[in-house]
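The residues making up each chain are set out below.
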Amino acid sequence: MNKKWIVMLGILFLICQGKHPALSASGTNNIPVHQPQSSVPLLTLEQFKKVRNQTNVLVVDTRSGDEFLHGFIPKSINIGLKGPFETYLMQVIPNRNQQLLLVVDTMDKNDAVERLTKLGYNRIMGILDGGIMIWKAHEPLDSLKNITPRTFFKSDQGHIVDVRTEKEFAAGHIDNAMNIPLTDFANFGITLKKDDDQIYLHCQSGYRSAIAVSILSAKGFKNICNIQGGYKALSEEIKENR
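Residues numbered from 1 in each chain as written. Predicted model: local features only at pLDDT ≥ 70, side-chain atom pairs only at ≥ 80, totals over all residues. Heavy atoms only, no water.

**Q** Would you explain the packing of helix α2 (residues 45-52) against helix α6 (residues 131-138) in this entry?
**A** Between two packed helices, what matters for the description is the angle formed by their axes and the separation of those axes. Here α2 crosses α6 at 90°, and the two axes come no closer than 11 Å. As far as their axial angle goes, α6 and α2 are roughly perpendicular. Residues Leu45, Phe48, Lys49 and Arg52 of α2 pack against Ile134, Trp135 and His138 of α6. Residues that form the contact of α2 with α6 fall into these classes: 4 nonpolar, 1 polar and 2 charged. (Axes fitted to C-alpha atoms, helices over the stretch in contact; angles between N-to-C directions. Helix = DSSP H or I, 4+ residues; strand = E, 2+ residues; numbered from the N terminus. Parallel < 35°, antiparallel > 145°, perpendicular 65-115°, else oblique. Contact = heavy atoms within 4.5 Å. Nonpolar A, V, L, I, M, F, W, Y, C, P; charged D, E, K, R; others polar.)

As structure tokens, this is what we get:
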């Protein structure tokens, strides 16, 4: 018998027996099927707002600091995924039982939930479906100043807050800066007064100060401003202008 016919008869036999992995129902077990990585629900805007209005719920925005400062949900906290997320999540929110709502970029949803749950944060109430854009389309956003070191040095300086560690601060800092290291949400900023003076915050490179200004904003501080690039960028600006 011609080899071509033998091959065709063999394929027909497999189909009839329901054993062809690509065509039979039983063969679907061998085909990778996409499954959600978590059971955390996607919430509509109205559902998200309802949960947000409950007591003891924190909204965590995992976008970059620059994106966050440009526009964010009022009283939300910025802890960017693209950075030392785990370190500062645990520092800012030490209570693993804290109820959380998430604002994430669509592509980062599974990554954010996986990293949170690995650390023991299992009380994730939901993720805003549509992210910041759906909120922006229907609700007002807050924003904060995010200035360059050059703009900072040309401004009428108020309070300068360096949120780096005491060790980093001791190794070098700009004139007139006060050292208030970033701590947990509950305690950070308790020594600062809510007066009319501008508060400029910086860290080493910008990641921590974005967290810090988001915490102060959530606590009702108004005259707060982030310095882009942190102490590193400030030092370079000083050197260029000597």
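**Q** When you look at the nonpolar core in this model, what are you seeing that I'm missing?
**A** Among soluble globular proteins, nonpolar side chains are generally buried collectively. Ranked by size, the top nonpolar core spans 42 residues in total, and within it Ile79, Ile93, Leu182, Phe188 and Leu201 carry the most contacts. Looking at this core element by element, the count peaks at 7 residues for helix α9 (residues 207-218). Discounting residues that sit within four places of it in the chain, Leu182 has contacts with Tyr88, Gln91, Val92, Val163, Phe188, Arg208, Ile211, Ala212 and Ile215. Judged by nonpolar contacts, the second largest core, of 12 residues, contains Val51, Ile73, Leu128 and Trp135. (Core = buried A, V, L, I, M, F, W, Y, C linked by side-chain atoms within 4.5 Å. Buried < 20%, exposed > 50% of the residue type's maximum accessible area, 1.4 Å probe, protein only.)

**Q** Explain α9 here, please?
**A** Structurally, the α-helix is built with 3.6 residues per turn, so residues lying three or four positions apart point the same way. Its 12 residues place the ends of α9 17 Å apart at the C-alpha level, agreeing with the 16 Å of an ideal helix rising 1.5 Å per residue. Burial runs high along α9: 12 of the 12 residues are buried. Along α9, the positions that sit buried rather than exposed are Tyr207, Arg208, Ser209, Ala210, Ile211, Ala212, Val213, Ser214, Ile215, Leu216, Ser217 and Ala218. Where α9 is buried, its residues contact α3 (65-70), β3 (77-78), α4 (85-92), α8 (166-171), β9 (199-202) and β10 (224-227). Downstream of α9 by a residue or two, Gly220 has a phi angle that is positive, lying close to 100°. (Expected span 1.5 Å × (residues − 1).)

**Q** What am I meant to see in the confidence of the model for the protein here?
**A** In low-pLDDT regions, the fine details of the predicted coordinates are not to be read closely. Across the protein, pLDDT averages 87, with 84% of residues at or above 70. Note on residues 3-36: pLDDT under 50 across the span, and 13 contacts to partners over four residues away in sequence or across chains. (pLDDT = per-residue confidence, 0-100.)

**Q** Even after reading the chapter, I still don't get the sheet that holds strand β5 (residues 124-128), so can you show me in this structure?
**A** Within a sheet, each strand pairs with its neighbour through backbone hydrogen bonds, oriented either parallel or antiparallel. Read across the open sheet, the 5 strands follow the order β1-β5-β4-β2-β3; overall the sheet is parallel. Edge strands, defined here as strands with exactly one partner in the open sheet, are β1 (42-43) and β3. Inspection of the sheet shows strand β2 (residues 57-61) paired to β3 by 2 bridges, in the parallel sense. Counterpart to Val60 in the pairing with β3 is Ile77. (Pairing = 2+ DSSP bridges.)

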